[in-house]
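The chain contents come next:
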Amino acid sequence: MRPLLDLVAGARPNFMKLAAVVRALGVDSSLDYRIVHTGQHYDPSMTDVFFEELGIPAPAVYLEVGSGSHGAQTARIIERYEAHLLQTPPDGTVVFGDVNSTVACALAAVKLGVPVAHVEAGLRSFDRTMPEEINRLLTDALADLLLVSEPSGVVNLRREGVAEEKVHLVGNVMIDTLLHQLPAARVRATARRLGLEPGRFGLVTLHRPSNVDDDATLAMLLDLLHEIARELPLVFPVHPRTSAAARRAGLGDRLTEDRDRLLCVSPLPYLETLSLLADARVVLTDSGGLQEETTALRVPCLTLRENTERPITVEKGTSRLVGNDPARIRAAIADLRSGTWAAGEEVALWDGRAGERVVACLVAWMQQRGAH
Ligand code: UD1
């Protein structure tokens, strides 16, 4: 019998990473797998559309956990995934990224003696106010196999005392999916369909609690976006957390006014987003994934955060950390206008083959553990 792995995904950024590993597993027949969807993200625009576009098979298990406070959501995932593990234990559990589903399923698995592999291990922002940083630290402490996307991750894990043989620098599976889907995305010509000219618009995403959960910060950022949009039209797919925050803060009208310049739309499917990314003059974002995608596509990126767990996007890529400080954001836009933005370099192992390297590590891992 072939070893059986659970591949766990729950929130939007997990799905692009899962897709790359599923594709590579399809080529390697020595492992069986089962997709477990926790249901952390559940709106069709945040999940179903990704499965369809990326050709991911329907989940074998759907835990339907939904939204909640961190404690409630994490606890619900642990409880429901544990029940599934008790019924039909796999030989290993593979978790991705840094969302609540990642740490919850890793914890449920190791407590039942199921070993865990973490894809995108080792990233550190060194900012413990970020929920994702806590998730990253805990998941890596639990994992038996740590698969790393950029060299900083290896350094961080070494510093934390993780045994060298558990750590493998495999590259970036999300960039596998980007490279694989880019031709299909370009055909969409999403910018033109939205009335925007390729190369003459910016793409915005915002969803971090540090940017959207405080009313004054959100108001300031929305005003600033309107200001930038007077010069360069912006398209802004609004995350559900952000639209809810804007409504709560009485800022809903700032998402609807002057739509010719600041075009606020619902969360977009993967291919539409990739199409816009590839054509954008600049991206303003607080997303970890977009920092990496802009680096791969060599599109300038203003990262609206004070720190990043993905330093390679700043050191070699096209990203610059600007926080949510209007002066730094305006200065960055001025640099962009004057053409002084770093062109960026290619990142080693972000080559479209990280999924294959992940699968090779998973196969060796199962052999070492003597799984049947
Ligand atoms: C989560 C991840 C974050 C990731 C982001 C990508 C954690 C701690 N955070 O943040 O790392 O960058 O996903 O999108 O895991 N909501 C909906 N529909 C949905 C899902 C969420 O309306 O399908 C709304 C709900 O009001 C919910 C809120 O968004 O309370 C936040 O959702 P949650 O999954 O808790 O965190 P995200 O902000 O999406």
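For the structure, check the block above.
Residues numbered from 1 in each chain as written. Predicted model: local features only at pLDDT ≥ 70, side-chain atom pairs only at ≥ 80, totals over all residues. Heavy atoms only, no water.

Engineer: Even after reading the chapter, I still don't get the packing of aromatic side chains, so can you show me in this structure?
Structural biologist: We describe a pair of aromatic rings using the distance from one ring centre to the other and the angle between the two ring planes. Summed over the entire model, instances satisfying the criterion amount to two aromatic pairs. For the pair F15 and F50, a centre-to-centre distance of 6.2 Å together with 45° between the ring planes defines the contact as tilted. Here F15 is found in helix α1 (residues 12-27), whereas its partner F50 is found in helix α2 (residues 48-54), with 35 residues between them in sequence. Judged on exposure class, the residue F15 and its partner F50 are both buried. (Phe/Tyr/Trp six-rings, centres within 6.5 Å; stacked < 30°, edge-to-face > 60°. Helix = DSSP H or I, 4+ residues; strand = E, 2+ residues; numbered from the N terminus. Buried < 20%, exposed > 50% of the residue type's maximum accessible area, 1.4 Å probe, protein only.)

Engineer: Teacher, can you tell me more about the side chain of T139 here?
Structural biologist: As for its placement among the helices and strands, T139 is situated in helix α5 (residues 131-142). Contact partners of T139, with chain neighbours within four places excluded, come to V95, T102, V103, A106 and H118. (Contact = heavy atoms within 4.5 Å.)

Engineer: What is the right way to look at the site of the ligand in this model?
Structural biologist: Every one of the 16 residues lining the ligand counts as a neighbour, but Q40, H41, E132, H207 and R241 are closest to it. In the model, an oxygen atom of the ligand is placed 2.9 Å from a nitrogen or oxygen of the Y42 main chain. Contact with the protein chains removes 85% of the 740 Å² of surface that the ligand exposes when unbound. Its residues assigned to classes, the shell around the ligand comprises five nonpolar, eight polar and three charged. (Near = heavy atom within 4 Å. Polar contact = N/O pair within 3.5 Å; in protein donor to acceptor, adjacent residues only side chain to side chain. Areas by Shrake-Rupley, 256 points an atom, 1.4 Å probe, with all protein chains shown as cover. Nonpolar A, V, L, I, M, F, W, Y, C, P; charged D, E, K, R; others polar.)

Engineer: I tried to follow the pairing of strand β8 (residues 202-205) on my own but got confused; where do I start?
Structural biologist: Where a strand is regular, its side chains alternate between the two sheet faces. Burial of the side chains of β8 extends over both faces: G202 and V204 are buried on one face and L203 and T205 on the other. One ladder, built from two bridges, connects β8 with strand β9 (residues 234-237); its direction is parallel. Bridge pairing in β9 places G202 opposite L234. Bridge count between β8 and strand β11 (residues 282-285): four bridges; the pairing is parallel. Directly across from T205, in β11, lies its bridge partner T285. (Pairing = 2+ DSSP bridges.)

Engineer: It is not clear to me how the layout of surface pockets should be interpreted in this structure. Could you clarify?
Structural biologist: One simple way to see leftover space: roll a probe sized like a water molecule over the atoms. The space that makes up the second largest pocket amounts to roughly 210 Å³. Taken together, 15 residues make up the lining of the second largest pocket; nearest its centre are D127, T129, M130, R208 and S210. Elements supplying a minimum of two residues to the lining of the second largest pocket: α5 and α9 (209-212). Grouping the amino acids of the lining of the second largest pocket by side-chain chemistry returns four nonpolar, six polar and five charged. A domain-level breakdown of the lining of the second largest pocket finds at least three residues from each of domain 1 (4-172 + 351-369) and domain 2 (179-338). (1 Å grid on protein atoms, 1.4 Å probe; cavity = no way out; pocket = protein on both sides within 12 Å on 5 of 7 lines; lining within 4 Å. Points joined across faces, edges and corners; volume = space filled by probe spheres on them. Domains from an automatic or database assignment.)

Engineer: Looking at this structure, how should I read the pattern of salt bridges?
Structural biologist: Under the counting rule described, the total for this entry stands at 27 salt bridges. The salt bridge involving R188 is made with E53; its shortest N-O contact spans 3.8 Å. Of this pair, R188 sits in helix α7 (residues 173-188) while E53 sits in helix α2; the two residues are 135 residues apart in sequence, bridging distant segments of the chain. With relative accessibility at 33%, the residue R188 sits in the partly exposed group. Between E133 and R136 there is a salt bridge, and its shortest N-O distance comes to 2.9 Å. On the criterion of helical spacing, the pair formed by E133 and R136 is a turn pair, its members being three residues apart in helix α5. Like E133, the residue R136 is buried in the burial classification. Overlapping salt bridges, with partners in common, bring together K17, D98, E120, E133, R136, E292, R305, E309 and R310 in one network. (Salt bridge = Lys/Arg side-chain N within 4 Å of Asp/Glu carboxyl O.)

Purely geometric numbers; function is a separate question.
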